[in-house]
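# An overview of the molecular structure
Take a look at the letters that make up each chain.
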Amino acid sequence: MEVVGRAETAVHSPALLDGEDVNDWSKEDEDSVEEATLPAAPIVVESERVDSPPLVPAQRYHEEVESTLQELQLEKNEVKLLGHEELQDPGEKEEEKKRHLNVVFIGHVDAGKSTTGGQLLLLSGQVDDRTIQKYEKEAKEKNRESWYMAYIMDTNEEERVKGKTVEVGRAHFETENTRFTILDAPGHKSYVPNMISGASQADVGVLVISARKGEFETGYEKGGQTREHVQLAKTLGVSKLVVVVNKMDEPTVNWAKERYDEIETKMIPFLKSSGYNAKKDVHFLPISGLVGINMASRVDKKVCSWWDGPCLFEVLDSIEIPLRDPKGPIRMPIIDKYKDMGTVLMGKIESGTIQEGDSLLVMPNKAHVKVLAIFCDEKKTRRAGPGENVRVKVTGVEEEDILSGFVLSSVVNPVNAVFEFNAQLQILELLDNAIFTAGYKAILHIHSIVEESEIVELIEEIDVKKKKDADPKKRKPKRKPLFVKNGAVVVCRVQVNNLICIENFADFPQLGRFTLRTEGKTIAVGKVVALPAPGNSTFA
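The chain carries the name Elongation factor 1-alpha C in an unreviewed UniProt entry, which gives Dendrobium catenatum as its organism. Database annotation for the chain, UniProt heading Sequence similarities (unreviewed entry): "Belongs to the TRAFAC class translation factor GTPase superfamily. Classic translation factor GTPase family. EF-Tu/EF-1A subfamily." Its UniProt record, at the heading Function (unreviewed entry), says of the chain: "This protein promotes the GTP-dependent binding of aminoacyl-tRNA to the A-site of ribosomes during protein biosynthesis."

Here is the structure:
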């Protein structure tokens, strides 16, 4: 709650400036109010000034009617002037009633992430039977009959042939109360950078675990992706986790309560150690992604007699939405871009509200752009708020001048662009014989940025046992450590070769949390605790 408070305090004045365009929407209506009153004004003034004889009843009646009509017209225009929300189409207003959540599917390779995601789309009516029959036939031809459901999410040929997700699949579905964007992250360790890209856009994670004998153990033990995915998800801001124990209908499991309990008992201590509150932030439930049991409706007691809990749709619908600031300064990390009658930028809005006609800034190259159109879930909309995955068509910058990791931001309160920053790092697991010291190099992943980085200075090691002293402002300075080991928490200075757009974790958590990876392995997670003075890219 403290973080939210700070962020709100910091952004009040820019919010007012950003809101100028909102008032512009009302100008037409103000003019129309004036126009509506013009014909009536001379009559009233004239009748007051000239000493005319008493009005006959017909004249008095005529003026009373005219006055009443005038008041009704003014009332009508006042309603219009209340704000731009009233100016939206009925369809837009209806859509805004539904909250929006980004859900990423994570877990070890072959746990059934794409199959579960495909089944969700089928059960929510996003895919028709004819398409499913086509995929079923295609999978049969490849001797991969059980993969057909995954074809809904795995759209390119390489993914279908190998049976492995490579890119982050994206799709949309709706329940009665919520619009969901599904992000299907790859599970193979070779594609963890793509998984990081998917998880950085999500609010909720669905951790898919295979209940099949031996498969859970492979994913959970050292070297399996279940552990790394959970740690990365927490670091990247996935605050809620739904753990689905998949393949419960598999012959080695056959909906056995003992197997489900075994997985839950092993996972809870690990989830706690990764920073999740097992009671508030985590939901466990058994499913079969391939046949869709316990997903859209609760599992039949004849199939699974011991499960009394909700189904997957119910759990997703009841998850609390994270706090967001629609009036804050605009921050939208750019994930991808393409050319289409202008430059189209793709990303998730982390703060603020983007509207048609807005003048914004692309950082760090300081390109001034104007918003021509906004597309949300494939539909055109006048504006989009925080948490929405959008495509924003802009003018004023060429597509080739933009890279992934650039940030679309407010003109009056632009995002920080720096070459170095101070960070609080937790060392997870260094490579064999590696020492974490000044000069250590690793790949930095922060929102949609992937950049080579170097640790240039270790500032202080934090004693994790003394949690009360964890605030850097309250601690007394100590001797700088020369190196640190696995499990250590250290404040250090990180340097990169190119300008990157980041924020203090305290102000914008989504743009201030990161991971360090080397040789395909996550070695540390951290948060930005200090940046150079505004306007500077390095510390003095």
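### Regarding the overall build of the chain
Per the secondary structure count, the chain includes 15 helices and 23 strands. For the chain, the residues scored as buried account for 47% of the 540 residues in total. Taking as baseline every contact in the chain between residues at least 6 positions apart, the subset at least 24 positions apart corresponds to 73%. Total accessible area computed for the chain in this model is approximately 27,500 Å², and 51% of it derives from carbon and sulfur atoms.

### Section: the packing of aromatic side chains
For the coordinates displayed, the defined rule picks out 9 aromatic pairs. Ring plane angle 85° and centroid distance 6.2 Å describe the contact between W306 and W307, whose orientation is recorded as edge-to-face. Residue class for W307 comes out buried when judged on its relative accessible area of 13%. With centroids separated by 5.0 Å and ring planes inclined at 40°, the aromatic side chains of F436 and Y440 adopt a geometry described as tilted.

### Describing unusual backbone geometry
Cis geometry marks the peptide bond from M363 to P364; its omega dihedral reads 10°. Structurally, the position occupied by P364 is in the loop between β10 (359-363) and β11 (367-376). The backbone of M341 shows a phi angle near 55°, a positive value even though the residue is not glycine. Looking at where M341 falls in the secondary structure, it is placed in the loop between β7 (331-339) and β8 (343-348). Even without a glycine there, the phi angle at K366 is positive, about 55°. Structurally, K366 is set in the loop between β10 and β11.

### A word on the pairing of strand β23 (residues 521-530)
Pairing of strand β16 (residues 416-427) with β23, which is carried by 6 bridges, proceeds in the antiparallel orientation. The partner of Q424 across the bridge, within β23, is K527. As paired elements, strand β22 (residues 513-518) and β23 share 6 bridges and run antiparallel to each other. Considered in β23, the bridge of R513 is made with K527. Adjacent in sequence and paired antiparallel, β22 and β23 are bridged by 2 residues, among which E519 carries a positive phi angle near 50°.

### What to know about the side chain of R517
Mapped onto the secondary structure, R517 falls in strand β22. In this structure the side chain of R517 is engaged in a polar contact, spanning 3.0 Å, whose partner is the side chain of E228. Aside from chain neighbours lying at most four places away, what touches R517 is V192, P193, I196, E228, A442, I443, H445, T522 and I523.

### A word on the sheet that holds strand β18 (residues 441-446)
With respect to topology, 6 strands assemble into a closed barrel ordered β16-β21-β19-β18-β22-β23, the strand pairing being antiparallel. Going across the sheet, the axis of each strand differs from the next one's by a mean of 45°, ignoring polarity. Across the sheet, helix α11 (residues 192-199) is in contact with β18 and β22; its angle to β22 comes to roughly 175°.

### Re the packing of α11 against helix α13 (residues 225-235)
Close contact between α11 and α13 brings their axes to 10 Å; oriented N to C, the two are set at 35°. At the point where α11 passes α13, the crossing takes the right-handed sense. On α13, the residues touching V192, M195 and I196 of α11 are Q225, E228, H229 and L232. For the contact of α11 with α13, a count of residues per class yields 4 nonpolar, 2 polar and 1 charged.

### A word on the environment of V494
Within the element layout of this structure, V494 appears in strand β21 (residues 489-502). Sequence-wise, V494 and E457 are 37 residues apart; in three dimensions their C-alpha atoms are separated by 7.5 Å. Excluding residues that lie within four positions of it along the chain, V494 makes contacts with F419, E420, F421, A423, S453, E454 and I455.

### Regarding the environment of I523
On the secondary structure map, I523 appears in strand β23. For the pair I523 and F436, spaced 87 residues apart in sequence, the C-alpha separation works out to 9.9 Å. Beyond its immediate sequence surroundings of up to four residues, I523 is in contact with Q426, I427, L428, E429, L430, L431, F436, Y440, L516, R517 and T518.

### Observations concerning the side chain of S409
Tracing the sequence through the fold places S409 in strand β15 (residues 407-409). At 3.5 Å, the side chain of S409 and the backbone nitrogen of V415 are in polar contact. Contact partners of S409, with chain neighbours within four places excluded, come to I330, R331, L360, L361, M363, P414 and V415.

### Topic: the packing of α13 against helix α14 (residues 257-273)
As a packed pair, α13 and α14 sit with axes 10 Å apart at the nearest point and diverge in direction by 35°. Read as a crossing pair, α13 and α14 show a hand that is right-handed. Only M267, F270 and L271 of α14 make contact with α13, whose side of the interface consists of T226, R227, V230 and Q231. Its residues assigned to classes, the contact of α13 with α14 shows 4 nonpolar, 2 polar and 1 charged.

### As for the nonpolar core
Ranked by size, the top nonpolar core spans 63 residues in total, and within it V242, M267, L271 and L316 carry the most contacts. Setting aside chain neighbours within four positions, we find L316 in contact with R99, L101, V103, F173, F180, V206 and V242. In terms of nonpolar packing, the next biggest core, distinct from the first, is built from 28 residues, I427, L444, L458 and V496 among them.

### With respect to the pattern of salt bridges
Evaluated as defined, the whole model comprises 21 salt bridges. The salt bridge partner of R259 is E217, with a shortest N-O separation of 2.9 Å. Of this pair, R259 sits in helix α14 while E217 sits in helix α12 (residues 215-220); the two residues are 42 residues apart in sequence, bridging distant segments of the chain. Residue classification places E217 among the buried residues on the basis of a relative accessible area of 18%. With a shortest N-O distance of 3.5 Å, K266 and E262 are connected by a salt bridge. Here the residue K266 and the residue E262 both occupy positions in helix α14, the gap between them amounting to 4 residues, near one helical turn. The exposure class of K266 is partly exposed, given its relative accessible area of 36%. The network of salt bridges with common partners includes D203, R324, K348 and E350.

Basis of the calculations
Residues numbered from 1 in each chain as written. Predicted model: local features only at pLDDT ≥ 70, side-chain atom pairs only at ≥ 80, totals over all residues. Heavy atoms only, no water. UniProt positions renumbered as here; feature names shortened; annotations may be inferred. Helix = DSSP H or I, 4+ residues; strand = E, 2+ residues; numbered from the N terminus. Buried < 20%, exposed > 50% of the residue type's maximum accessible area, 1.4 Å probe, protein only. Contact = heavy atoms within 4.5 Å. Areas by Shrake-Rupley, 256 points an atom, 1.4 Å probe, with all protein chains shown as cover. Phe/Tyr/Trp six-rings, centres within 6.5 Å; stacked < 30°, edge-to-face > 60°. Pairing = 2+ DSSP bridges. Polar contact = N/O pair within 3.5 Å; in protein donor to acceptor, adjacent residues only side chain to side chain. Axes fitted to C-alpha atoms, helices over the stretch in contact; angles between N-to-C directions. Left-handed = near helix turned anticlockwise from the far one by under 90°. Nonpolar A, V, L, I, M, F, W, Y, C, P; charged D, E, K, R; others polar. Core = buried A, V, L, I, M, F, W, Y, C linked by side-chain atoms within 4.5 Å. Salt bridge = Lys/Arg side-chain N within 4 Å of Asp/Glu carboxyl O.

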